[in-house]
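Residue-level listing of the chains:
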Amino acid sequence: WSGDAHVAIALADEHVGWESMKKSKTAAIRTCEWLDVCVRESKANDIPLWGVVLGGEFKDVRAECSKKVAERDEDLAGYVLGGFYAGETPSKRSELIECVIEHLPAQKPRYLPGVTTLEDIIDNIERGVDVFDA
């Protein structure tokens, strides 16, 4: 938490690939627990913080994680939709992104890392995603 950071992304327990519901749920819970620590540190160091939403291929896990991260909205500068572009089908990805966006405040930016095509960028702008990288 030192240096010349202009923004920080909270720690996330991003596991390899799309695993079991148990693993995805554990990772989402751990990510939310770490978010509380990151919020304290970002406040102490006056660095804007973005919260991360995970949940693997499980809509209910992603929805729950989205809600829990959004509960900290006053402490966050934006939201990261984590764990995508890891082998899921485009239709599954679309379904899950829409689920996540539904639970995040519209007034803060939403960041989707890993986007590789112009079509995906356009589709996700229409869903409510604001920031991309590849």
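What counts and what doesn't
- Residues numbered from 1 in each chain as written.
- Predicted model: local features only at pLDDT ≥ 70, side-chain atom pairs only at ≥ 80, totals over all residues.
- Heavy atoms only, no water.
- Axes fitted to C-alpha atoms, helices over the stretch in contact; angles between N-to-C directions.
- Helix = DSSP H or I, 4+ residues; strand = E, 2+ residues; numbered from the N terminus.
- Parallel < 35°, antiparallel > 145°, perpendicular 65-115°, else oblique.
- Left-handed = near helix turned anticlockwise from the far one by under 90°.
- Contact = heavy atoms within 4.5 Å.
- Nonpolar A, V, L, I, M, F, W, Y, C, P; charged D, E, K, R; others polar.
- Pairing = 2+ DSSP bridges.
- Right-handed = clockwise from strand over helix to strand, strands pointing away.
- Buried < 20%, exposed > 50% of the residue type's maximum accessible area, 1.4 Å probe, protein only.

Engineer: Is there a simple way to explain the packing of helix α3 (residues 90-102) against helix α4 (residues 118-127) in this structure?
Structural biologist: Angle between the axes and distance between the axes: these two values describe a pair of packed helices. Interhelical geometry of α3 versus α4 gives an angle of 30° and a closest axis separation of 10 Å. Accordingly, the angle class assigned to the pair α3 and α4 is roughly parallel. Between α3 and α4 the crossing geometry is right-handed. Between α3 and α4, the contacting residues are Arg 93, Ser 94, Ile 97, Glu 98 and Ile 101 on the first element and Asp 120, Asn 124 and Arg 127 on the second. For the contact of α3 with α4, the per-class residue count stands at two nonpolar, two polar and four charged.

Engineer: Explanation requested: the pairing of strand β4 (residues 110-113) in the structure shown.
Structural biologist: Walk down a regular strand and you will see the side chains alternate between the two sheet faces. As paired strands, strand β3 (residues 78-81) and β4 are joined by two bridges and run parallel to one another. Among the inter-strand pairings, Tyr 79 is bridged to a residue of β4, identified as Arg 110. Note that the unit made of β3, α3 and β4 has a crossover that is right-handed. Across three bridges, β4 lies against strand β5 (residues 131-133) in parallel orientation.

Engineer: Can you walk me through unusual backbone geometry in this structure?
Structural biologist: Residues apart from glycine generally show negative phi values, whereas peptide bonds are mostly found in trans. Even without a glycine there, the phi angle at Asp 46 is positive, about 55°. Mapping Asp 46 onto the fold places it in the loop between α1 (21-45) and β2 (49-53). Even without being glycine, Tyr 85 reaches a positive phi, approximately 60°. According to the relative accessible area criterion, Tyr 85 is partly exposed, its value standing at 21%.

Engineer: When you look at the pairing of β2 in this model, what are you seeing that I'm missing?
Structural biologist: For β2, a buried count of five out of five residues is recorded, marking the element as mostly surrounded by other parts of the structure. With burial as the criterion, each face of β2 is covered, one bearing Leu 49, Gly 51 and Val 53 and the other bearing Trp 50 and Val 52. Two elements, strand β1 (residues 8-9) and β2, share two bridges in a ladder whose sense is parallel. Following the sheet pairing, Ala 8 is matched in β2 by Leu 49. Where β2 and β3 come together, four bridges link them in parallel fashion. Looking across to β3, one finds that Val 53 is bridged to Leu 81. Between β2 and its parallel partner β3, the chain crosses via helix α2 (residues 59-70), and the hand of that crossover is right-handed.

Engineer: Which parts of the structure should I look at to understand the environment of Phe 84?
Structural biologist: Tracing the chain through its elements places Phe 84 in the loop between β3 and α3. As for Phe 84 and Gln 107, which are separated by 23 residues in sequence, their C-alpha atoms are 22 Å apart.

As far as function goes, none of this settles anything; it's purely spatial.
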